[in-house]
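Structure at a glance
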Amino acid sequence: MNYAAKYATMVAVILMEMNLDTLETLCQDCQNCPLGKTRTNLVFGVGVPTAKVLFVGEGPGAQEDAQGKPFVGQSGLLLDKFLNLIDLDREKNIYIANMVKCRPPQNRDPKPEEIEACLPHLRKQVKVLRPRIIVCLGRIAAQRLISPDFRVTRQHGDFIEKGGIWFMGTFHPAALLRNPAQKKDALADFQALRRRMHEMNIYESL
Ligand code: SF4
């Protein structure tokens, strides 16, 4: 077995023994990008380890940074309403994370180099969770995880299969608060998600 194969095997064994709590503990001291210096709390993610659907936003805001949890405050409340409409619940059957785990100052967009620095944490979360569907909340997540030219206004609700996982991009809840007229489209996306989950028999395993 060559070195690359041995390394892949070792990583697989380690990851099999890892769970989300271990990953979060390992992530807590991360200083792999400048956002680590300005955070109050690292926001690793929230949800259940058996989740088959992973929601990914762009990064923590002020309230998330203060509480160490993703999608709290008004945008979190709105996200929870959409989730509950299709029988999903962050406490019961899904997982929510962000592209970057630390708050960008003044709520600016995370920089490409910060996203790349943080991506290994998300990759490990995906490896442990093994979601069947990943929903990108907003442009930043969709352009990194689905396609660099992804346009939320044009491609929201479309399902694309990559590496055995179905990806869908939809509006970020904060964008919906700024532009309530788009809530109708977002609702259609969540209904499409429900249909896709039924087709994949995911509800039966929740
Ligand atoms: S944003 Fe990610 S890479 Fe940067 S310090 Fe925080 S956890 Fe580390």
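See the structure above.
What comes next is a walk through the structure. Given the structure is predicted, the values throughout are model-derived calculations rather than measurements. (Residues numbered from 1 in each chain as written. Predicted model: local features only at pLDDT ≥ 70, side-chain atom pairs only at ≥ 80, totals over all residues.)

Looking now at the site of the ligand. Close to the ligand lie 15 residues; C30, C33, G36, C102 and C118 are nearest. Contributions of two or more residues to the shell around the ligand are made by α3 (35–38) and α6 (112–129). In terms of residues, the shell around the ligand owes the most to one element, α6, which gives four residues. The residue inventory of the shell around the ligand, partitioned by class, reads nine nonpolar, four polar and two charged. (Near = placed C-beta within 6 Å. Helix = DSSP H or I, 4+ residues; strand = E, 2+ residues; numbered from the N terminus. Nonpolar A, V, L, I, M, F, W, Y, C, P; charged D, E, K, R; others polar.)

With that out of the way, let us pick up the sheet that holds strand β6 (residues 165–170). Taken in spatial order, the six strands make up an open sheet running β1-β3-β2-β4-β6-β5, and their pairing is mixed. Looking at the sheet topology across the chains shown, the edges are occupied by β1 (46–47) and β5 (159–162). Pairing of β5 with β6 involves four bridges; the strand directions are antiparallel. Along β6, the bridge assignment pairs E161 with W166. Contacts from helix α10 (residues 183–199) reach β2 (53–57), β4 (133–137), β5 and β6, with the element oriented near 165 degrees to β6. (Pairing = 2+ DSSP bridges. Contact = placed C-beta atoms within 7 Å. Axes fitted to C-alpha atoms, helices over the stretch in contact; angles between N-to-C directions.)

It is worth spelling out the packing of helix α2 (residues 20–27) against α6 at this point. Helix-helix packing is described using two parameters, namely the angle between the two axes and the distance between the axes. Their axes nearest at 10 Å, the elements α2 and α6 cross at an angle of 170 degrees. Here α6 runs roughly antiparallel to α2, going by the angle between their axes. The residues of α6 that touch α2, namely those facing L20, L23 and C27, are H121, K124, Q125 and V128. Tallied by class, the residues present in the contact of α2 with α6 amount to four nonpolar, two polar and one charged. (Parallel < 35°, antiparallel > 145°, perpendicular 65-115°, else oblique.)

As a further point, take unusual backbone geometry. At R130, a residue that is not glycine, the phi angle is positive and equals roughly 50 degrees. Within the element layout of this structure, R130 appears in the loop between α6 and β4. A count of 12 C-beta atoms within 10 Å places R130 in the exposed class. A positive phi angle is found at N201, which is not glycine, with a value near 55 degrees. Note that N201 resides in the loop between α10 and α11 (202–205). In this structure N201 comes out as exposed when scored by C-beta crowding, with 10 C-beta atoms within 10 Å. (Buried ≥ 20, exposed ≤ 12 C-beta atoms within 10 Å, placed from the backbone.)

Moving on: the pairing of strand β3 (residues 95–98). Burial along β3 is two-sided: the face carrying Y95 and A97 and the face carrying I96 and N98 are both buried. In terms of strand pairing, β1 meets β3 through two bridges, oriented antiparallel. Counterpart to G47 in the pairing with β3 is Y95. One ladder, built from four bridges, connects β2 with β3; its direction is parallel. Following the sheet pairing, F55 is matched in β3 by I96.

Another aspect to go through is α10. Along its 17 residues, α10 runs 24 Å from first to last C-alpha, staying within 8% of the 24 Å computed at 1.5 Å per residue. Its buried side turned inward, α10 meets β2, α5 (73–85), β4, β6, α9 (173–178) and α11. In the stretch just after α10, N201 is the one whose phi turns positive, near 55 degrees. (Expected span 1.5 Å × (residues − 1).)

With that settled, the discussion passes to the nonpolar core. If you look at the biggest cluster of nonpolar residues, it comprises 42 residues, and the most contacted ones within it are V53, L54, V56, V135 and C136. Residue contributions to this core peak at five residues, all from β4. Those residues in contact with C136 that sit more than four places away from it in its chain are V56, A141, A142, L145, I146, F167 and G169. (Core = buried A, V, L, I, M, F, W, Y, C linked by C-beta atoms within 7 Å.)

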